[in-house]
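Results of the structural survey
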Amino acid sequence: FRISFDKEHGSFIHKLQEKCPQLKPADLLLSAYIKLNKSNKEIASYLNITVSGVEKKRTRLKEKLGLKIEDSLSEFILKIN
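The paragraphs below set out a description of the structure included in this document. Predicted, not measured: the structure shown is a model, and the values here were computed from it.

Thresholds applied
Residues numbered from 1 in each chain as written. Predicted model: local features only at pLDDT ≥ 70, side-chain atom pairs only at ≥ 80, totals over all residues. Heavy atoms only, no water. Helix = DSSP H or I, 4+ residues; strand = E, 2+ residues; numbered from the N terminus. Rg over C-alpha atoms; globule rule 2.2 N^0.38 Å. Contact = heavy atoms within 4.5 Å. Areas by Shrake-Rupley, 256 points an atom, 1.4 Å probe, with all protein chains shown as cover. Lys, Arg positive; Asp, Glu negative; His and termini not counted. Charge placed at Lys NZ, Arg CZ, Asp CG, Glu CD. Buried < 20%, exposed > 50% of the residue type's maximum accessible area, 1.4 Å probe, protein only. Salt bridge = Lys/Arg side-chain N within 4 Å of Asp/Glu carboxyl O. Polar contact = N/O pair within 3.5 Å; in protein donor to acceptor, adjacent residues only side chain to side chain. Expected span 1.5 Å × (residues − 1).

**Side note on the overall build of the protein**
Along the backbone of the protein there are 6 helices and 0 strands. Taken from the N to the C terminus, the helices and strands of the protein come in the order α-α-α-α-α-α. Against the 2.2 N^0.38 benchmark of 12 Å for 81 residues, the protein shows a C-alpha radius of gyration of 12 Å, consistent with a compact globule. Dimensions of the protein, computed from the C-alpha atoms along their principal axes, are close to 30 × 25 × 20 Å. Pairs at least 24 apart in sequence give 49% of the contacts found in the protein among residues at least 6 apart. Accessible area for the protein stands at about 5300 Å²; split by element, carbon and sulfur atoms hold 51% of it. Across the protein, 16 positive and 10 negative side-chain charges occur, with their mean positions spaced 3 Å apart.

Written as structure tokens, this is what we have:
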């Protein structure tokens, strides 16, 4: 997945790791799916978890990235090139 993702989106993972080095591989994978504009339902299917599980992961990722509650995780990730 990562090889094909990197071909399409360049150094997105590298830039995200520079901004937030404490991110785990699971956080990076979730970020990649968000960058691909996948819905929570689609991400849940890919990760074999529930939609509420995806929502919890998104909330934890926002916290790790230092975003406020009112900030959009999707917008933040989509801005990273």
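**Regarding the side chain of Arg 58**
Mapped onto the elements of the fold, Arg 58 is located in helix α5 (residues 51-64). Buried within the structure, Arg 58 lacks any salt-bridge partner; Glu 55 is the closest side chain of opposite charge, at an N-O distance of 7.8 Å. Of note is the side chain of Arg 58, whose polar atom sits 3.4 Å from the side chain of Asn 40. Look past the residues within four positions of Arg 58 in its chain and what remains in contact with it is Leu 30, Ile 34, Asn 40, Leu 73 and Ser 74.

**Focus on the environment of Tyr 46**
As for its position among the elements, Tyr 46 is in helix α4 (residues 40-47). Along the chain, Tyr 46 and Tyr 33 lie 13 residues apart, while their C-alpha atoms are 9.2 Å from each other. Discounting residues that sit within four places of it in the chain, Tyr 46 has contacts with Tyr 33 and Lys 38.

**Points about α5**
If you check α5, its first and last C-alpha atoms are 20 Å apart, about what 14 residues at 1.5 Å a residue would give, namely 20 Å. All of the buried residues along α5 are Gly 53, Val 54, Arg 58, Leu 61 and Lys 62. Contacts from the buried residues of α5 go to α3 (25-35), α4 and α6 (73-79).

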